[in-house]
Amino acid sequence: MKTSDNNISRKDFIRNSALAVAGLTLIPSIMTASPFLNDSTISAKGKMSLKNVRLETGFNYGEGEVTSTKTDLFYVEVENGKITKITANQPNAKAVDAKGLLMLPAFKDMHIHLDKTFYGDQWQAVRKRTGGVKGMIELEQKMLPEMLKNSTFKAEKLIELLQSKGTSYARSHVNIEPTSKLQSLKNLQKALENKKKSFGAELVAFPQHGVFYTDSVPYLKEAAKMDIDFIGGVDPFNIDGDIEKVVDFTVQLALDNKKGIDIHLHETGDSGLKTVEYLIKKVNENPSLKGKTYVSHCFILAKLEAAKQEEIAEKLSEAQIGIVSTIPFGRLIMPIPTLYKHNVTVLTGNDSIIDHWNTFGTGSVLQKANLMAQLYGYSTEFLLSRSLKLATGNILPLDDKGTQQWPKSGDKADFVLINASCSAEAVSRISEVESLVHDGNVVF
């Protein structure tokens, strides 16, 4: 809802996020559909100018409460993947006309499995599950050889879906286990290499079939020496039957190879809590892992009493361990406001998108922000404006006092241009402008 030409409200912006992300992406297959970019708008040196760019400049207040967000139009220059100039608008300049669209930080999907999806291939619904997680491991062992045959192609299609929703970066878990060995990783790396001009990623070596349950150890050790960023894990007690053995191995492998840690934890009973507490202990013993360790899902937090949630959130904060939540998951409502209260880093992602685990993934992290706002009653303008950070990887245009902090000259040119009222779709996404230029020629 636009309250005036220069004031906007986030209420419709967050509420209508499903519409807001159904736009164009700067990827080769649909570049020609972009109303903004063509041979004349990007120079051979990767330089581009934009006029009529709407940026957030502050908050409007009424009776001490934030009522809307101030915006104004600006002229922005980008070169070699960086924002180089932000000045007063130059409506008559020879530049790309952003037509008053709001510039926001590009979105980040921080928990997804790009390596195993049906997306882009024949439709398959989720099959009937038996035997819990171990039953799914058996199913995967049967399915993976066939899935791997065209996993590079499907990963590229899934990346294009994410890009169409304004996402330019992802943290992808990739299967490392005796069935796939290192092939799933190699296939995904090919896809990422093919998309590197417009999409970035960090990878988690993920022992989906257990570290010791299927003897993934030798493959994890080999993967740790390759171009990955995190050592993963999954339900140390339920799958491997030994919390300390699994966490100790994961921590040591991360330390030996200077990697981070990102462990899936679905367990909601005592074993879930013990896993979190033991991981906190190990990170505190190894401070180099602080700020580099995450627990994905961590459903046990939703099962704890409020006082225990506060206690664990404080300990997570002190150890600088982040939580990556897929929001929501069944009937579990994660205590995200409590995590925010204690300054715990919270990230989100789509997890599975049309695969043998899930049928309903959309590819939109803005929709995740929308869901969070609804679940926790973030109905005020201020709280809605803060909700956006879930989609952007914790980058916000305005700080809590309404002071502009993004974008600034020198920032990476990675942003979405979106209709401020969200009555229409996002129009385009610009990621690493230099990626559009290669050997002096514009590449579409």
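Residues numbered from 1 in each chain as written. Predicted model: local features only at pLDDT ≥ 70, side-chain atom pairs only at ≥ 80, totals over all residues. Heavy atoms only, no water.

An unreviewed UniProt entry lists the chain under the name Cytosine/adenosine deaminase-related metal-dependent hydrolase, with Chryseobacterium vietnamense given as the organism.

### A closer look at the pattern of salt bridges
Quick reminder of the rule: Think of a salt bridge as a Lys or Arg side-chain nitrogen and an Asp or Glu carboxyl oxygen that are within 4 Å of each other. Secondary structure counts use DSSP, requiring at least four H or I residues in a row for a helix and at least two E residues in a row for a strand, with both numbered from the N terminus. Relative accessibility under 20% of the residue-type maximum defines a buried residue, over 50% an exposed one, and the middle range a partly exposed one, all with a 1.4 Å probe and only protein chains included.
All chains considered together, the criterion is met by 15 salt bridges. In this structure, Glu202 engages Arg171 in a salt bridge whose closest nitrogen and oxygen atoms are separated by 2.7 Å. With Glu202 in strand β9 (residues 200-206) and Arg171 in strand β8 (residues 167-175), this pair connects stretches of sequence that are 31 residues apart. Just as Glu202 is buried, Arg171 falls in that class too. Three or more residues joined by partner-sharing salt bridges are found here, namely Asp248, Lys281, Lys282 and Glu285.

### Structural notes on the pairing of strand β15 (residues 414-418)
The following threshold applies: Here, a strand pair is defined by DSSP locating no fewer than two bridges between the strands.
For β15, the tally of buried residues reaches 5 of 5 residues, placing the bulk of the element in the interior. As paired elements, strand β6 (residues 102-105) and β15 share 4 bridges and run antiparallel to each other. In the sheet register, Leu102 faces β15, and the bridge partner there is Ile418.

### Notes on the packing of helix α9 (residues 270-285) against helix α11 (residues 306-319)
Which entries qualify depends on this criterion: Every axis corresponds to a line fitted to the C-alpha atoms, with the helix fit spanning only the stretch in contact, and the corresponding angles, defined between N-to-C directions, vary from 0 to 180 degrees. Relative orientations are named as follows: roughly parallel for angles under 35 degrees, roughly antiparallel for angles over 145 degrees, roughly perpendicular for angles from 65 to 115 degrees, and oblique for any other angle. Left-handed describes a crossing in which the near helix is turned anticlockwise from the far one by less than a right angle; the clockwise case is right-handed. Contacts are assigned to residue pairs that have any heavy atoms within 4.5 Å of one another. Note on residue categories: nonpolar means Ala, Val, Leu, Ile, Met, Phe, Trp, Tyr, Cys or Pro, charged means Asp, Glu, Lys or Arg, and polar means any other residue, Gly included.
One way to put it is that α9 packs onto α11 with a least axis distance of 9 Å and a crossing angle of 30°. Here α9 lies roughly parallel to α11, going by the angle between them. As α9 packs across α11, the resulting crossing turns out to be left-handed. For the pair α9 and α11, the contacting residues are Leu273, Val276, Glu277, Ile280, Val283 and Asn284 in the first and Lys308, Ile312, Lys315, Leu316, Glu318 and Ala319 in the second. Of the residues that constitute the contact of α9 with α11, the class distribution is 7 nonpolar, 1 polar and 4 charged.

### Let's talk about the sheet that holds strand β10 (residues 230-234)
Reading across the sheet, the 8 strands line up as β7-β8-β9-β10-β11-β12-β13-β14 and stay open at both edges, with parallel pairing between neighbours. Because the sheet does not close on itself, it has two edges, and the strands there are β7 (107-112) and β14 (346-348). Geometrically, the sheet is characterised by an average inter-axis angle of 25° between neighbouring strands, direction not taken into account. Judged from the 5 bridges that link them, β10 and strand β11 (residues 260-265) form a sheet pairing that is parallel.

### Side note on the pairing of β8
To keep it simple, the criterion reads: Handedness of a crossover: with both strands directed away from the viewer, a clockwise path from the first strand across the helix to the second marks it as right-handed.
The buried count for β8 comes to 8 of 9 residues, which makes it a mostly enclosed element. Pairing of β7 with β8, which is carried by 4 bridges, proceeds in the parallel orientation. In the strand pairing of β8, Asp109 is matched with Ala170. One ladder, built from 7 bridges, connects β8 with β9; its direction is parallel. From the neighbouring strand, Arg171 faces β9, where its bridge partner is Glu202. In the classification by handedness, the crossover that spans β8, the intervening helix α5 (residues 183-194) and the parallel β9 is right-handed.

### Re the packing of aromatic side chains
The geometry of an aromatic ring pair is captured by two quantities: the separation of the ring centres and the angle between the planes. Applicable threshold: Any two rings among Phe, Tyr and Trp, with Trp reduced to its six-membered ring, count as a pair given centres within 6.5 Å; such a pair is stacked if its planes are under 30 degrees apart, edge-to-face if over 60, and tilted if neither. Two conditions define a charge sitting above a ring: the NZ of Lys or the CZ of Arg must be within 6 Å of the ring centre, and it must be within 35 degrees of the ring normal.
Within this structure, the stated rule accounts for 5 aromatic pairs. Between the aromatic rings of Phe59 and Tyr61, the centroid separation amounts to 6.3 Å while the plane-to-plane angle is 85°, which identifies the pairing as edge-to-face. Note on Phe59 and Phe382: the rings are 6.1 Å apart at their centroids and 75° apart in plane angle, and the pair reads as edge-to-face. With Phe59 in strand β2 (residues 47-62) and Phe382 in helix α14 (residues 381-387), the pair connects residues that are 323 residues apart, well separated along the chain. Owing to a relative accessible area of 6%, Phe59 belongs among the buried residues under this scheme. An aromatic cluster is present here, built from Phe59, Tyr61 and Phe382 joined pairwise through their rings. Over the aromatic face of Tyr340 sits the side chain of Lys389, whose NZ or CZ is 4.1 Å from the ring centroid.

### Here we look at the nonpolar core
Spelled out, the test is: By nonpolar core is meant a set of buried Ala, Val, Leu, Ile, Met, Phe, Trp, Tyr and Cys residues that side-chain atoms within 4.5 Å join together.
Counting residues in hydrophobic clusters, the biggest one holds 77 residues, and the most contacted among them are Leu114, Leu301, Leu316 and Ile323. Top contributing element to this core by residue count: helix α8 (residues 243-257), with 7 residues. Residue contacts for Leu301: discarding those within four places in its chain leaves Gln309, Ile312, Leu316, Ile323, Met334, Pro335 and Leu339.

### Digging into the side chain of Asp351
Which entries qualify depends on this criterion: As used throughout, the charge tally considers Lys and Arg to be positive and Asp and Glu to be negative, leaving His and the chain termini uncounted. Identification of polar contacts relies on pairs of N or O atoms within 3.5 Å, with a donor-acceptor requirement for protein atoms, meaning one able to donate a hydrogen and the other able to accept it, and with residues adjacent in sequence counted only if both atoms are side-chain atoms.
Tracing the backbone through its elements, the reader meets Asp351 in the loop between β14 and α13 (365-375). We note that Asp351 is buried and unpaired, the nearest opposite charge coming from Lys368 at a distance of 7.8 Å. Here His113 takes part through its side chain, which lies 3.2 Å from a polar atom of the side chain of Asp351. Residue contacts for Asp351: discarding those within four places in its chain leaves His111, Ile112, His113, His297 and Thr326.

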